[in-house]
Amino acid sequence: MSNLLDLLIIGAGPAGLSAADAAAREDLSYLVIEKGTIANTIRQYPVGRTMFSTPNELEMREGSLQPIQEKPTREELLSHYIHFVLDHDLKISTGEEVVDVRGNLDEGFTVRTHSRGFGSSDHENTYQARAILFAMGAMEYPRHLNCPGEDLPKVHHRFVDPYPYVRKEVLVVGGGNSAAEAALFLSEEGARTTMAIWREDWENRDPKAGAMKHWVRSPLELEIAEGRLRVILYKQIDEISDDSVRITTDTGETKTIPNDVVFVLVGSDADLTLLKKLGVKTEAGKLTEVPVYDPETFETNVPGIYVAGHFTHARHIKAAIDVPRKIVPLIAQALRQTAAR
């Protein structure tokens with residue numbers, strides 16, 4: 001147990017990076033394990049996307065994120081997070097997936113990982129830690145419509161860029177900012193775009209209730225007014241076929257529209273498998289299942305297991321960054337008290 005870590009952090013998104021920085025400041029021995037890349041969730045955003053948040057809500061240090069425009073692009077934010085890691089020499093292992101966690105606070109936790117290098121070699125590692133912070137994202141499992149034809153190759157649950165779809169018949173299904181933004185990008189860049197959205201989402205104007213951001217809605221409505229984008233207020237998607245999509249509108253009318261490609265952007269869920277295996281309780285959140293935790297310490301019902309990030313109730317990036325700054329010192333204090341006994 002000579003290589004026993006004080007804190008092992010799972011996930012290198014904004015929450016994981018903030019936790020690593022806080023752990024270093026607390027002089028804890030720590031390691032961040034990330035199965036993808038640094039800020040992997042951000043990297044999966046559409047190419048060239050302008051973020052919804054302002055720099056003060058995204059930056060790791062006050063005044064350190066200085067985008068060209070009012071809000072940073074995906075690429076500016078990625079560079080900001082990566083250079084934060086490099087400049088502070090944070091201990092992060094990427095391309096390494098946690099496959100098993102077991103143990104308890106008294107005897108310590110054992111974490112087993114699997115990693116695949118850039119070559120063909122795979123290898124496994126085992127770590128020992130006194131405490132574990134799950135700082136995962138919430139995009140592991142895209143939500144599905146569960147309608148016939150959703151498994152066709154033309155159906156996608158992630159939008160990257162609009163350029164392959166110029167002059168194609170495209171349907172975007174969803175009511176959040178990501179779906180609206182995808183529909184906007186596609187329409188602006190020459191795709192013949194239809195957006196299917198529930199009436200309550202389309203008519204929602206309350207930012208606190210998840211309403212579409214005004215800087216997305218305004219140009220979206222311009223595309224509609226110019227006749228380049230069509231919006232269907234739908235009840236359900238009935239069937240997706242090779243060359244069309246059948247939709248039931250919110251008034252009960254059935255529409256069949258020509259279609260080449262479908263983007264189903266109705267949200268995603270975190271992978272809670274490891275937490276549940278450890279005995280962590282979960283509950284229904286606003287949109288999906290979330291772990292149960294102390295709102296002050298973010299410790300779960302399993303002592304020594306903590307959570308932070310988008311898969312908790314604190315879903316915004318600013319909260320993902322701020323929470324570890326508060327709870328890692330509490331973790332450090334708890335570990336020191338345990339060691340002094």
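Refer to the structure presented above.
So, here's what we can say about the structure. It should be emphasised that the depicted structure is a prediction, and the values quoted were computed from it without experimental measurement.

Over its 12 residues, helix α1 (residues 14–25) runs 17 Å from end to end, which matches the ideal 16 Å to within 8%, given 1.5 Å per residue. For α1, the tally of buried residues reaches 10 of 12 residues, placing the bulk of the element in the interior. For α1, the set of buried residues is Pro-14, Ala-15, Gly-16, Leu-17, Ser-18, Ala-19, Ala-20, Asp-21, Ala-22 and Ala-23. Just downstream of α1, Asp-27 is the residue with a positive phi angle, here 60°.

This part takes up the side chain of Ser-18. If you trace the backbone, Ser-18 turns up in helix α1. Classification of Ser-18 by relative accessible area gives buried; the value is 2%. The residues touching Ser-18, leaving out its near neighbours within four places in the chain, are Met-60, Ala-320, Ile-321, Pro-324 and Arg-325.

This paragraph deals with the pattern of salt bridges. Evaluated as defined, the whole model comprises 24 salt bridges. Residue Asp-100 is joined to Arg-102 by a salt bridge in which the shortest nitrogen-to-oxygen separation is 2.8 Å. The residue Arg-192 makes a salt bridge to Glu-169 at a minimum N-O spacing of 3.0 Å. Linking Arg-192 in strand β10 (residues 192–197) with Glu-169 in strand β9 (residues 169–173), this pair joins segments that are 23 residues apart in sequence. Since its relative accessible area comes to 42%, Arg-192 is described here as partly exposed. Judged by relative accessible area, Glu-169 falls into the partly exposed class, the value being 24%.

Okay, the packing of α1 against helix α4 (residues 74–88) next. Their axes nearest at 11 Å, the elements α1 and α4 cross at an angle of 20°. With respect to each other, α1 and α4 are oriented roughly parallel. Handedness of the α1/α4 crossing: left-handed. Contacts from Pro-14, Leu-17 and Asp-21 in α1 reach Tyr-81, Phe-84 and Val-85 in α4.

Let's shift gears to the layout of surface pockets. Regions of empty space are outlined by a rolling probe, equal in size to a water molecule, passed over the atoms. Counted as a void, the second largest pocket has a volume near 630 Å³. Counting residues per element, the lining of the second largest pocket draws most heavily on strand β4 (residues 96–104), which supplies four residues. Within the lining of the second largest pocket, the residues separate by chemical class into 18 nonpolar, nine polar and six charged.

On to the pairing of strand β5 (residues 108–116). In this sheet, β5 lies alongside β4 in antiparallel orientation, the contact comprising eight bridges. Bridge pairing in β5 links Glu-96 to Ser-115. In this antiparallel pair of consecutive strands, β4 and β5, the connection spans three residues. In this sheet, strand β6 (residues 122–134) lies alongside β5 in antiparallel orientation, the contact comprising eight bridges. Across the sheet, Arg-116 pairs through a bridge with Asp-122, a residue of β6.

Turning to empty space enclosed by the protein, a few remarks are in order. Across all of its chains, the model carries one cavity of 30 Å³ or more by this definition. Elements supplying a minimum of two residues to the lining of the largest cavity: β9 and β13 (254–258). No other element matches β9, which puts three residues into the lining of the largest cavity. Looking at the lining of the largest cavity residue by residue, the class counts come to four nonpolar, two polar and two charged.

With that settled, consider the nonpolar core. The biggest cluster of nonpolar side chains holds 68 residues, and the ones touching the most others in it are Tyr-81 and Phe-134. Top contributing element to this core by residue count: helix α9 (residues 317–340), with nine residues. Those residues in contact with Phe-134, other than ones at most four positions away along the chain, are Ile-10, Val-101, Leu-274, Leu-275, Leu-278, Ile-305, Tyr-306, Val-307, Ala-308 and Phe-311. Tyr-165, Ala-179, Ala-191 and Val-216 belong to the second-largest nonpolar core, a separate cluster that totals 24 residues.

Turning our attention to α4. Between its terminal C-alpha atoms α4 stretches 21 Å, which fits the 21 Å expected from 15 residues at 1.5 Å a residue. Of the surrounding elements, those touching the buried residues of α4 are α1, α2 (40–43), α3 (55–58), β3 (92–94) and α9.

Let us look at the sheet that holds strand β12 (residues 244–249). Strands sit in the order β8-β14-β9-β10-β11-β12-β13 across an open sheet of seven strands; the sheet is mixed. Each end of this open sheet is capped by a strand with a single partner; those strands are β8 (155–156) and β13. Relative to strand β14 (residues 261–264), β9 is paired through four bridges, and the arrangement is parallel. Opposite Val-172, over in β14, you have Phe-263 as the bridge partner. Against the sheet, helix α5 (residues 177–188) contacts β9, β10, β11 (229–240) and β14, and its axis sits at roughly 165° relative to β10.

All right, on to the environment of Arg-158 then. Here Arg-158 is to be found in the loop between β8 and β9. Owing to a relative accessible area of 40%, Arg-158 belongs among the partly exposed residues under this scheme. Taking the C-alpha atoms as reference, Arg-158 lies 8.4 Å from Tyr-45; in sequence the two are 113 residues apart. The residues touching Arg-158, leaving out its near neighbours within four places in the chain, are Arg-43, Gln-44, Phe-263 and Leu-265.

Cut-offs applied
Along each chain, numbering runs from 1 in the same order as the chain's sequence is written. Predicted model: local features are reported for residues with pLDDT of at least 70 only, side-chain atom pairs are reported and counted for 80 or more only, and whole-chain, interface and lining totals are derived from all residues. Just so you know, side-chain values use all the structure's heavy atoms and leave hydrogens and water out. To qualify as a helix, a DSSP run of H or I must reach at least 4 residues; to qualify as a strand, a run of E must reach at least 2; elements of each kind are numbered from the N terminus. In a helix, the anticipated span is given by 1.5 Å times the number of residues less one. Throughout, exposure labels follow a simple rule: accessible area from a 1.4 Å probe, protein chains only, divided by the maximum for the residue type, with under 20% read as buried, over 50% as exposed, and the rest as partly exposed. The contact definition used throughout considers only heavy atoms, calling two residues in contact when any of these lie within 4.5 Å. Within this document, salt bridges are pairs made up of a side-chain nitrogen of Lys or Arg and a carboxyl oxygen of Asp or Glu, the two lying within 4 Å of each other. A fitted line through C-alpha atoms serves as each axis, taken over the contacting stretch for helices, and the angle formed by two N-to-C directions is quoted from 0 to 180°. Note on angle classes: values under 35 degrees are labelled roughly parallel, values over 145 roughly antiparallel, values of 65 to 115 roughly perpendicular, and the remainder oblique. The hand of a helix crossing depends on one turn: near helix anticlockwise from the far one by less than a right angle means left-handed, and clockwise means right-handed. The rule is simple: put a 1 Å grid over the protein atoms alone, call a set of points where a 1.4 Å probe fits but cannot get out a cavity, call an open set with protein on both sides within 12 Å along at least five of seven lines a pocket, and count a residue as lining if it has an atom within 4 Å of a point. Grid points are joined across faces, edges and corners, and a volume is the space filled by probe spheres set on the points. The classification used treats Ala, Val, Leu, Ile, Met, Phe, Trp, Tyr, Cys and Pro as nonpolar, Asp, Glu, Lys and Arg as charged, and all other residues, Gly among them, as polar. Whether two strands pair comes down to DSSP finding at least two bridges between them. The set of buried Ala, Val, Leu, Ile, Met, Phe, Trp, Tyr and Cys residues whose side-chain atoms join them within 4.5 Å is what this entry labels a nonpolar core.

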